[in-house]
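Structural features, examined
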Amino acid sequence: MAGPAPNTLARSITESVTLAIAARAAALRAAGRDVISLGAGEPDFPTPEPVASAGVSAIRGGQTRYTAAAGLPELRAAAAEWFQSQFGLRFTPRQVMASSGAKGALHMALTCLVEPGDAVLLLAPYWVSYPDLVRIARGRPHVLEPVPDQGFVHRGEQIARAAREQGAKGIILNFPGNPSGAVPTAAELRDIVDAAAAAGLWILSDEIYATLLYDGAEHHSPAALPGGRERTLIVNGGAKSHSFTGWRLGFLAGPEPVIDAAVRIQSQVLGNPCTISQIAAIEICRGDHREENARRLQAFDERRRFLVEEINRIPLLRLEPPRGAFYALVDARELCASLDLDDVALCEALLEDGLVATVPGSAFAIPGHLRLSYAASTKEIREAVARIARFVAARAT
Ligand code: PMP
Ligand code: GLU
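Residues numbered from 1 in each chain as written. Chains lettered and ligands numbered in written order. Predicted model: local features only at pLDDT ≥ 70, side-chain atom pairs only at ≥ 80, totals over all residues. Heavy atoms only, no water.

1. Things to note about the sheet that holds strand β9 (residues 327-331)
Spatially, 3 strands are ordered β9-β12-β11 in an open sheet, and the strand pairing comes out antiparallel. Taken across any chain shown, the strands that pair with only one partner, and hence form the sheet edges, are β9 and β11 (359-360). Relative to strand β12 (residues 369-373), β9 is paired through 5 bridges, and the arrangement is antiparallel. Bridge pairing in β12 places Tyr-327 opposite Ser-373. Sheet strands in contact with helix α13 (residues 343-352) are β11 and β12, and its direction is about 45 degrees off that of β12. (Pairing = 2+ DSSP bridges. Helix = DSSP H or I, 4+ residues; strand = E, 2+ residues; numbered from the N terminus. Contact = heavy atoms within 4.5 Å. Axes fitted to C-alpha atoms, helices over the stretch in contact; angles between N-to-C directions.)

In C-alpha cells:
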C-alpha cells in the first residue's frame, strides 16, 4: 500500500521563500562559505534586556503552564493599553488576542473571515506569505499589479475596480510595506479605506512595521479612520520593533465576534501561544523602551541611507528611498536584461558567485527586483554592497 500523501491543497502550498533563502544562506555558511545574508528580515539586535529578563523570570518562577487560549488576561489588558498608547487605538482586552507570531495572528484571522472561494485582494508587491495564507483559509488571492509610479500605494479607484470585478470580500493591507517600504499619507489611506467600505470589504491590516518610519513618514491605521474601525482586523506585535522574532508572539485586534471566533479556533489548533513569551510581551507593552527603540531606529535609518546612496552608484541598479520597515526593493530590471537572467537566476548567481543572499522580487509579485534586508549589521551591509558592486562590474560589461 502506498503511504499517506499530502492532499491537493497541501501540495499547492510553497515554502516561505524568505525563510528558505535564510536557511540556504545558513547552510552555505555552515559548509564554510563566507555568505552574507540580506535575505530574511530579522533585526540583528538582541531582544531588549528587560524583555528577555521577564521571560527568564517566568521560567524560574514556574510560569510555564497552559494559559487561556486568547492569552493571559494581563497580556490582553497590556496589549489593549499598548494599542492605545502607541497608536491611539482604543480596544477592550476582549478585542485583543495573542497568537504565535504575526503569522499566527494572520492565519487565525483569515481562517475566521474567509468563506470557501472568497476573493481576497492583495496589493503587489505583497509580503510573500499572504497568497498561501489566503489559500490555506480556502480563499482565492487576487493580486493587483504594483504601482511604482504611485510610490507603491494603490488608489481607491484601483481597489474598487478590482473588488467589483472579482466580487471580492476582503483585502490585506500592509503599511509600512514589506518589501516596498511604502507608507501612505493619511489622505491616501483614507481613499483606500473609503473604497473598501464602499465595496463592503473586510480589511486585514498587517502593521508589524508600524514603528519603523523614516523621513518624517507617519503611520496611520485603517481602524482609526471613519468607516475603517468596524471592518478592520489589525495584526501587530513586537517581532520587528523589539527583536522578538524567535519568541513567536503577535497580536490580533478587532471586532469582538471575530476575535472570539479566532480564539475558539486557536483553542483547538494551538491551545495557547507560548506562556513564557506572553510574559515577556507584557514587558514590551508596559515597559518604557523609548530610548532603546530610538537608538535602533536611528541605526536602521543610517543603514537605509547608506544603501540608497551606494546602490544608486552601481550601474544598472536603482533604489528609491523606502519610507518604512527595513527593506530595500532594488529595481534590477536593467541588470537582468543586460545579463539575460530573470530575478530568480540573478539572486542565485549573486548567492553562488557574489556570496550575498537576497530575495527575488518574483516572491513578492514584482519580478526584475531584488529585496535587500537592512536589518543586518552595518559591517555586513557594507561588505554586501561591495560584493554586489564587484559582481555587477565583473558580469555586466
Ligand atoms: N507580516 C509581515 C509583513 C512580515 O514581514 C512578517 C515577517 N516576520 C510577518 C508578518 C510575520 O511576523 P512574525 O515573525 O511575528 O510571525
Ligand atoms: N518577515 C520576514 C521577511 O519577510 C521574516 C521571514 C518570514 O517570516 O517570512 O523576511
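Text resumes after the structure shown.
2. Here's the deal with the site of ligand 2
Close to ligand 2 lie Ser-16, Thr-18, Leu-19, Ala-40, Gly-41, Lys-103, Trp-127, Asn-178, Lys-240, Tyr-327 and Arg-371, which account for all nearby residues. Here an oxygen atom of ligand 2 and a side-chain polar atom of Lys-103 are 2.9 Å apart. Note that an oxygen atom of ligand 2 is positioned 2.7 Å from one of the side-chain N or O atoms of Arg-371. Across the complex, the protein chains shield 89% of the 280 Å² of accessible surface that ligand 2 would expose by itself. A per-class count over the shell around ligand 2 returns 4 nonpolar, 4 polar and 3 charged. (Near = heavy atom within 4 Å. Polar contact = N/O pair within 3.5 Å; in protein donor to acceptor, adjacent residues only side chain to side chain. Areas by Shrake-Rupley, 256 points an atom, 1.4 Å probe, with all protein chains shown as cover. Nonpolar A, V, L, I, M, F, W, Y, C, P; charged D, E, K, R; others polar.)

3. Overview of the packing of aromatic side chains
Taken as a whole and assessed by the stated rule, the structure comprises 14 aromatic pairs. Taken together, a centroid distance of 6.4 Å and an interplanar angle of 50 degrees make the contact between Phe-83 and Phe-87 tilted. Linking Phe-83 with Phe-87, this pair stays in helix α4 (residues 73-87), spanning 4 residues, or about one helical turn. There is no split in this pair, since Phe-83 and Phe-87 are both buried. Grouped by ring-pair contacts, the aromatic residues Phe-45, Tyr-209, Phe-300, Phe-326 and Tyr-327 constitute a single cluster. (Phe/Tyr/Trp six-rings, centres within 6.5 Å; stacked < 30°, edge-to-face > 60°. Buried < 20%, exposed > 50% of the residue type's maximum accessible area, 1.4 Å probe, protein only.)

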